Amino acid sequence: APDISVTAVKAHLTQLQSIATANGGNRAHGRPGYLASVTYVKGLLDAAGYTTTQQSFTYNGATGYNLIADWPGGNTSNTLMIGAHLDSVTAGPGINDNGSGSAANLEVALAVARAGYQPTRHLRFGWWGAEELGLRGSTAYVNSLTTAQKSAITGYLNFDMVGSPNPGYFLYDGDNSDNTGSGPGPAGSALIEQTLADYYATIGVPTRGTDFDGRSDYGPFIAAGIPAGGIFTGAEGRKTAAQVTLWGGTAAAFDPCYHASCDTISNINDTALDRNSDAIAYAVWTLSGGGTTPTT
Ligand code: PHE
Ligand code: CA
Ligand code: ZN
Ligand code: ZN
Ligand code: ZN
C-alpha cells in the first residue's frame, strides 16, 4: 500500500476550513458550506477518473447530498466501500469531525488513481450528508439499495474523527474481543478489525476496541448485515491515566473541541492523522486483493 502524505491530507482540511469560513463558519446539512464541500471533493475525484454520483435526499425540510465515487473495475458483486461523513454541526467548521475522515479517505481514493490500482474487489467511496442529524445520509443510501445491491457490498470501512488532538487509537470492536458490550458485528467485521490491527502492530502503536454500537455511519450498514469496521481517535470522552501511559497525551478529553466552534484546522494531531491515513490505505489495499506492504 502507498504511504499517504499527511501534508496532502492536511491540504484538503485547509480547503474545508476555507469553505466553512466563507460560508458562515460551518459545513452543516442544509447550509451552503455543505454543498461547497461536496463540490470540492467531487471535482478532485472526477479529475482522477472516478465515476461520481451526487445522491439527493430530504431531511428536516432541506436537501442533503451523498457523494458516491466508484473506481472503475473490480468485481462489483464483491464491493468494498469506504465512507466518511462530510457534514459538520452548525457550531463550527468540523475539521476533526469529520473533515479528518473525509480528507483521509479522499487522499486514499486519489492514491488508488495515481497508482492505477486494479484490485480484485470493486472499490466504492462514499461521503455522507447529515450524519450529525442522525445518520440521515448513510441511512438514505442503504435504503436506496435493492436486496441484490446490498448483498454486493461485502464490506464497509468507516472513518469518523481520525485526527483528534489528544488521540487514542480505537478500532470498532467488530469481534467483541474487547467486551465493549456492543459487538459482535456481522461475520466479516472481525477480519476488518484484525486488518486494521495488523497495520498498527507493524508500526508498534497499541490499539483498543471501542463500541460497535452504530454511533456513526456504519450503523445502517451493519443493520443490513454488511460487515464493517473503522478507526476512531476519540470525541468528548476523557483519556484515562492508563490510556495516557499507553498513548501519551493528557488525562483530558480526546477532543475538547468536539461539536464546538474551535474544531478548526488547529484541532488536529498530525501524527494521528498520518498514522490513520496510512492505516486506511493499508486496509483498502489488503482487503481488496492488492499488495500488503506496510508503510510508516
Ligand atoms: N458519530 C459521532 C459524531 O459525528 C462521533 C463518533 C464516531 C462517536 C465514532 C463514536 C464513534 O459526532
Ligand atoms: Ca503517511
Ligand atoms: Zn462525526
Ligand atoms: Zn459529530
Ligand atoms: Zn475487537
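Given the structure is predicted, the values throughout are model-derived calculations rather than measurements.

(A) Just the coordination of the zinc ion (ligand 3), in detail. For the zinc ion (ligand 3), every protein donor is listed as H85 (NE2), D97 (OD), D160 (OD) and D160 (OD), and the spread of their distances is 2.0 to 2.6 Å. Between the donor residues of the zinc ion (ligand 3), the gaps in sequence give the motif H-x11-D-x62-D. Between the zinc ion (ligand 3) and the zinc ion (ligand 4), both coordinated by D97, there is a metal-metal distance of 3.4 Å. Of this pair, H85 sits in strand β3 (residues 75–85) while D97 is found in helix α3 (residues 95–115), placing the two residues 12 residues apart along the sequence. The class for H85 is buried, based on a relative accessible area of 0%. Residue classification places D97 among the buried positions, given a relative accessible area of 4%.

(B) Quick look at the pattern of salt bridges. In total, this model carries 5 salt bridges according to the counting rule given. One salt bridge in this structure joins R124 and D70, with 2.7 Å as the shortest N-O distance. Placement of R124 in strand β4 (residues 121–128) and of D70 in strand β2 (residues 62–71) is noted, with a sequence separation of 54 residues between them. In terms of burial, R124 and D70 fall into one category: buried. The shortest N-O distance in the salt bridge between E107 and R114 comes to 2.9 Å. A relative accessible area of 59% means that R114 is categorised as exposed.

What counts and how
Residues numbered from 1 in each chain as written. Chains lettered and ligands numbered in written order. Predicted model: local features only at pLDDT ≥ 70, side-chain atom pairs only at ≥ 80, totals over all residues. Heavy atoms only, no water. Donors = N, O, S within 2.8 Å, 3.2 Å for Na, K, Ca; no water. Helix = DSSP H or I, 4+ residues; strand = E, 2+ residues; numbered from the N terminus. Buried < 20%, exposed > 50% of the residue type's maximum accessible area, 1.4 Å probe, protein only. Salt bridge = Lys/Arg side-chain N within 4 Å of Asp/Glu carboxyl O.

Note that all results are geometric; they support no functional claim without further evidence.
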